[in-house]
Amino acid sequence: QMLGFTVGRDVTTFCDLMAAPQTIDFQGPNAYNFNFATLLRYEANLIDNHLKLGVAAEMPVVSGTYGDYFAPVSQRVPDFPVYFQFAWGENRESHIRASAVFRDMYLHDKGNNDNTTQFGWGVQLSGHIDITRWVDIYMNGVYGKGITPYIQELTGTPYDFIYNPEKPTSLLTLPMWGWQAAAQVNIMPNRFWVAAGYSEVGLDKSDGYISEKQYKKGSYLFANAFYKLTPNLTFALEYLHGTRRDASDILNSANRLSIMAQYNF
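Residues numbered from 1 in each chain as written. Predicted model: local features only at pLDDT ≥ 70, side-chain atom pairs only at ≥ 80, totals over all residues. Heavy atoms only, no water.

Draft legend 1. Spatial organisation of the overall build of the chain. Within the chain, the regular secondary structure consists of 0 helices and 15 strands. By the compact-globule yardstick of 18 Å for 265 residues, the chain fits well, its C-alpha radius of gyration being 20 Å. Principal-axis analysis of the C-alpha atoms gives the chain an extent of 65 × 50 × 30 Å. In the chain, buried positions account for 43% of the 265 residues. Restricting to contacts in the chain with at least 6 residues of sequence separation, those with at least 24 account for 60%. The distance from the centre of the 20 positive side-chain charges to the centre of the 25 negative ones in the chain is 3 Å. (Helix = DSSP H or I, 4+ residues; strand = E, 2+ residues; numbered from the N terminus. Rg over C-alpha atoms; globule rule 2.2 N^0.38 Å. Buried < 20%, exposed > 50% of the residue type's maximum accessible area, 1.4 Å probe, protein only. Contact = heavy atoms within 4.5 Å. Lys, Arg positive; Asp, Glu negative; His and termini not counted. Charge placed at Lys NZ, Arg CZ, Asp CG, Glu CD.)

If you want it as structure tokens, here you go:
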């Protein structure tokens, strides 16, 4: 049994670092959740590294729509992510991970001149499966309420909670979801590979709190190729197609072509 503590700033415990495909785009699929946090984390590897457990307390980042009756305040309670992972393969190269995060978000209620809280939570299933030497699969699916820091596309958006326009003294944590899946084909293992994947993120607006011009759904499609000319020099080419759909169902899209030359030393 191996035990480990991490204190400081690191990638959030809710992120499964091995569940995302390699892309030139630094952010990667919009449903992924690569974010840094100031944290205290404990992890344990069990049963010859087949099982891995983790729990953490992380500095919260809250972004909501406050309206006229509420105001932001300093947060009092950390976010609490936890995960359980099962790995297999000769070098434990394949795994499936189940994660959860719990949030108690503070804000000031101007009407009552007192602080109040909104509870947020999220669950995630993620993994990387090395099917053969030639094919790898990556995926994650996340669902929750008030978890914008833990979904790439929603990070920094004011949707952790939102007030009711018909009753502005009432708040709601918004349901949100995302998923991504990708495959990598290792044409020349560890030297030349191609990959493609698709990702979606959405907000549940069934409560009617979202205006017609606000975000409803986004998608992310990519295809790329990486070639390691030498152990230190890598070239890559990537195509991205992204869409955004507003609550009024207006849809727009964008395309990007990227190239990369990377030298490691």
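After that view of the structure, there is still more to cover.
Draft legend 2. Summary view of the nonpolar core. Of all hydrophobic cores here, the largest spans 18 residues; its most connected members are Ile147, Ile151, Leu154, Tyr159 and Met176. In this structure, Tyr159 is in contact with Ser63, Gly64, Thr148, Leu174, Met176, Leu203, Ile210, Gln214 and Tyr215, ignoring residues within four places of it in sequence. (Core = buried A, V, L, I, M, F, W, Y, C linked by side-chain atoms within 4.5 Å.)

Draft legend 3. Molecular detail of the packing of aromatic side chains. Here the structure, examined in full by the defined rule, presents 12 aromatic pairs. Ring geometry for Phe192 versus Tyr227: centroids 6.0 Å apart, planes at 75°, classification edge-to-face. Taken together, the residues span a long stretch of sequence, with Phe192 in strand β12 (residues 192-203) and Tyr227 in strand β13 (residues 215-228) at a distance of 35 residues. Taking the relative accessible area as the measure of exposure, Phe192 reaches 25% and is therefore partly exposed. Looking at Tyr227, the relative accessible area reads 28%, which means it is partly exposed. (Phe/Tyr/Trp six-rings, centres within 6.5 Å; stacked < 30°, edge-to-face > 60°.)

Draft legend 4. Summary view of the pairing of strand β15 (residues 251-263). As judged from the 13 bridges shared by strand β14 (residues 233-246) and β15, these two strands associate in the antiparallel manner. By the bridge assignment for β15, Gly242 is matched with Ala254. The antiparallel pairing of β14 with β15 creates a hairpin that spans 4 residues between the two strands, and Asp249 there sits at a positive phi of about 75°. (Pairing = 2+ DSSP bridges.)

Draft legend 5. Fine view of a nonpolar patch on the surface. A grouping of Leu53, Phe84, Phe86 and Trp88 is seen on the molecular surface, where their side chains present a nonpolar patch of about 350 Å² in accessible area. Looking at the nonpolar patch element by element, the count peaks at 3 residues for strand β5 (residues 80-88). Secondary-structure assignment places Phe84 in strand β5. (Patch = residues over 30% accessible without salt bridge, like charges linked within 9 Å, V, L, I, M, F, W, Y side chains within 5 Å. Areas by Shrake-Rupley, 256 points an atom, 1.4 Å probe, with all protein chains shown as cover. Salt bridge = Lys/Arg side-chain N within 4 Å of Asp/Glu carboxyl O.)

Draft legend 6. Quick look at the pattern of salt bridges. One pass over the structure, following the stated rule, counts 10 salt bridges. Residues Asp25 and Arg256 are paired through a salt bridge, measuring 3.6 Å at the closest nitrogen-oxygen approach. Taken together, the positions of Asp25 in the loop between β1 (2-11) and β2 (36-46) and Arg256 in strand β15 put the pair 231 residues apart, joining distant regions of the chain. Judged by relative accessible area, Asp25 falls into the buried class, the value being 14%. Between Arg103 and Asp79 there is a salt bridge, with its nearest N and O atoms 3.0 Å apart. Placement of Arg103 in strand β6 (residues 94-109) and of Asp79 in the loop between β4 (70-72) and β5 is noted, with a sequence separation of 24 residues between them. By relative accessible area, Arg103 is classed as buried at 1%. By relative accessible area, which is 2% here, Asp79 ends up buried. Bridged by salt links that share partners, the residues Asp10, Arg41, Glu43 and Lys52 form one connected network.

Note that all results are geometric; they support no functional claim without further evidence.
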